[in-house]
Amino acid sequence: MLDHEQWMELALREADKAFEKKEVPVGAIIVQDNQVIGRGYNLIETLQDPTAHAEMIAITAAANYNGSWRLDETAMYVTLEPCPMCAGAIMLSRIPLVVYGASDPRFGACGSVVNLLAEERFHTRHQIIRGVLSDRCQSILVSFFQNIRSNS
């Protein structure tokens, strides 16, 4: 079985794909039974779709792979803390474990701004592991935004 850092490496590869497309470099994978069943990276600009976050794309891919929207035996690895929209999708798809790298002080919905996954009123249970390869996950974001500013 791979450890959290090895899975996060695969999510970082997805983030690299976003970086190459000039998208905010966030990548996500969904793992079940020790294999990747869904992957995604931000495609907001490419698709002109505000919902085209890495997590949403990975959830759709995993649900298609399983033939079910219930992903209750999976884990999500994502390079940036999920936003409220993505946290909602994680809850609705019943992903029990979320592992993320960099915290998001603007939109983080897994503890930085709010923690929707721990909100008892939703009657869902999720384990959150924070800060896996956080320096690398943060670094790709910093590089991306520095490139944008220097080219403006």
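All of the points below concern the structure found in this document.

The rules behind the values
Residues numbered from 1 in each chain as written. Predicted model: local features only at pLDDT ≥ 70, side-chain atom pairs only at ≥ 80, totals over all residues. Heavy atoms only, no water. Phe/Tyr/Trp six-rings, centres within 6.5 Å; stacked < 30°, edge-to-face > 60°. Helix = DSSP H or I, 4+ residues; strand = E, 2+ residues; numbered from the N terminus. Core = buried A, V, L, I, M, F, W, Y, C linked by side-chain atoms within 4.5 Å. Buried < 20%, exposed > 50% of the residue type's maximum accessible area, 1.4 Å probe, protein only. Contact = heavy atoms within 4.5 Å. Salt bridge = Lys/Arg side-chain N within 4 Å of Asp/Glu carboxyl O. Expected span 1.5 Å × (residues − 1). Arc of directions from axis to C-beta. Axes fitted to C-alpha atoms, helices over the stretch in contact; angles between N-to-C directions. Parallel < 35°, antiparallel > 145°, perpendicular 65-115°, else oblique. Left-handed = near helix turned anticlockwise from the far one by under 90°. Nonpolar A, V, L, I, M, F, W, Y, C, P; charged D, E, K, R; others polar. Pairing = 2+ DSSP bridges.

1. Some details on the packing of aromatic side chains
A complete count under the given rule lists three aromatic pairs for this structure. Pairing Phe-19 with Phe-144 gives two aromatic rings, centres 6.1 Å apart and planes at 70°, and the pair type is edge-to-face. Of this pair, Phe-19 sits in helix H1 (residues 4-20) while Phe-144 sits in helix H5 (residues 134-150), placing them 125 residues apart in sequence. Among the aromatic residues, those joined into a ring-pair cluster are Phe-19, Phe-144 and Phe-145.

2. As for the nonpolar core
Membership of the largest hydrophobic core comes to 39 residues, with the highest contact counts inside it found for Met-8, Ile-30, Ile-59, Tyr-77 and Leu-117. Of all the secondary structure elements, the ones that give two or more residues to this core are H1, strand S1 (27-32), helix H3 (54-66), strand S3 (75-80), helix H4 (84-93), strand S4 (97-102) and H5. Beyond its immediate stretch of four places on either side in the chain, Ile-59 contacts Ile-30, Leu-71, Met-76, Ala-89, Ile-90, Ser-93 and Ile-95.

3. Structural notes on the pattern of salt bridges
One pass over the structure, following the stated rule, counts four salt bridges. Lys-17 is the salt-bridge partner of Glu-14, the closest N and O atoms lying 3.0 Å from each other. Of this pair, Glu-14 and Lys-17 both sit in helix H1, three residues apart, which is roughly one turn of that helix. The salt bridge involving Glu-119 is made with Arg-121; its shortest N-O contact spans 2.7 Å. For Arg-121, a relative accessible area of 68% gives the class exposed.

4. Focus: H3
What sets the pattern is the α-helix's 3.6 residues per turn: residues three or four places apart point alike. Taking 1.5 Å of rise per residue, the 13 residues of H3 would be expected to cover 18 Å, and the 18 Å separating its terminal C-alpha atoms lies within 8% of that figure. When we look at burial in H3, the residues that qualify are Ala-54, Glu-55, Ala-58, Ile-59, Ala-62 and Ala-63. Down the axis, H3 shows its buried residues gathered within 155° of arc, on one side only.

5. Points about the packing of H3 against H4
Running from N to C, H3 and H4 cross one another at 20°; their axes reach a closest spacing of 9 Å. Between H3 and H4, the crossing angle belongs to the class labelled roughly parallel. Of the two possible hands of crossing, H3 and H4 adopt the one that is left-handed. Between H3 and H4, the contacting residues are Glu-55, Met-56 and Ile-59 on the first element and Met-85, Cys-86, Ala-89, Ile-90 and Ser-93 on the second. Taken together, the residues of the contact of H3 with H4 break down into six nonpolar, one polar and one charged.

6. Structural notes on the sheet that holds strand S2 (residues 35-41)
Judged by pairing direction, the sheet is mixed, and its five strands sit side by side in the order S2-S1-S3-S4-S5 without closing on themselves. The two strands at the open ends of the sheet, each matched to only one other strand, are S2 and strand S5 (127-129). Averaged over all pairs of adjacent strands, the angle between their axes in this sheet comes to 15°, without regard to strand direction. Bridge count for S1 against S2 is six bridges, and the pairing is antiparallel. Within S2, the residue paired with Ile-29 across the bridge is Arg-39. Along the sheet face, H1 touches S1, S2, S3, S4 and S5 and points at about 140° away from the line of S1.

7. A word on the pairing of S1
Judged by how many residues are buried, S1 sits mostly within the fold: six of six residues are covered. Across the two faces of S1 the burial is the same, with Gly-27, Ile-29 and Val-31 and Ala-28, Ile-30 and Gln-32 all buried. With four bridges connecting them, S1 and S3 associate as antiparallel partners. Counterpart to Ile-29 in the pairing with S3 is Tyr-77.

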